[in-house]
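# Breakdown of the fold
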Amino acid sequence: INKALKYLEGTHDFKSFTKTDEEKDDYVRTILKTEIKEESNIITISFLGTGFLRYMVRNMVGLLIEIGEKKKKSWVEACFQKRICLSVFIPMQQ
C-alpha cells in the first residue's frame, strides 16, 4: 500500500479516479503529500493536495484497500499512463 500511495503523489491526470460520466475541462490535480497511519486497529489515509475531483479520494482509497487485500496488484502507475478507468465501489456503512 505504501508504494502505491507514493505513486499518487505529484501532478497527474486523475480522470481514472473520478466519476466516469463527469466531463471537466481539466482532470489534472496535484497531491502534495500522502500518509497512512494505523492506531488501535484504525487505519487513516490522508491526502494533501491543491484540489480534488468528485469521488477521487474515495476511488483512490478503494484501490489502496484492494491492493492491501491483494485483490489487485499495484497498478496505480498504469492508471496514470494509460488512463485505465477504475470500477471501485466502497459501500457506505450503515
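Conventions used here
- Residues numbered from 1 in each chain as written.
- Predicted model: local features only at pLDDT ≥ 70, side-chain atom pairs only at ≥ 80, totals over all residues.
- Heavy atoms only, no water.
- Pairing = 2+ DSSP bridges.
- Helix = DSSP H or I, 4+ residues; strand = E, 2+ residues; numbered from the N terminus.
- 1 Å grid on protein atoms, 1.4 Å probe; cavity = no way out; pocket = protein on both sides within 12 Å on 5 of 7 lines; lining within 4 Å.
- Points joined across faces, edges and corners; volume = space filled by probe spheres on them.
- Nonpolar A, V, L, I, M, F, W, Y, C, P; charged D, E, K, R; others polar.

## Section: the pairing of strand 2 (residues 28-39)
As judged from the four bridges shared by strand 1 (residues 10-13) and strand 2, these two strands associate in the antiparallel manner. Its bridge partner lying in strand 2, G10 is registered against I31. In the sheet, strand 2 pairs with strand 3 (residues 42-49) via eight bridges, with the strands oriented antiparallel. If you follow I36 over to strand 3, its bridge partner there is I45. Counted along the chain from strand 2 to the antiparallel partner strand 3, the turn is two residues long, and its residue S40 has a positive phi close to 55°.

## Focus on the layout of surface pockets
Space inside the largest pocket adds up to approximately 250 Å³. Lining of the largest pocket is provided by ten residues; of these, I43, I45, V61, L64 and I65 occupy positions nearest its centre. Elements represented by at least two residues in the lining of the largest pocket include exactly strand 3 and helix 2 (56-68). At four residues, the largest contribution of residues to the lining of the largest pocket is made by helix 2. Residues of the lining of the largest pocket, tallied by class, amount to eight nonpolar, one polar and one charged.

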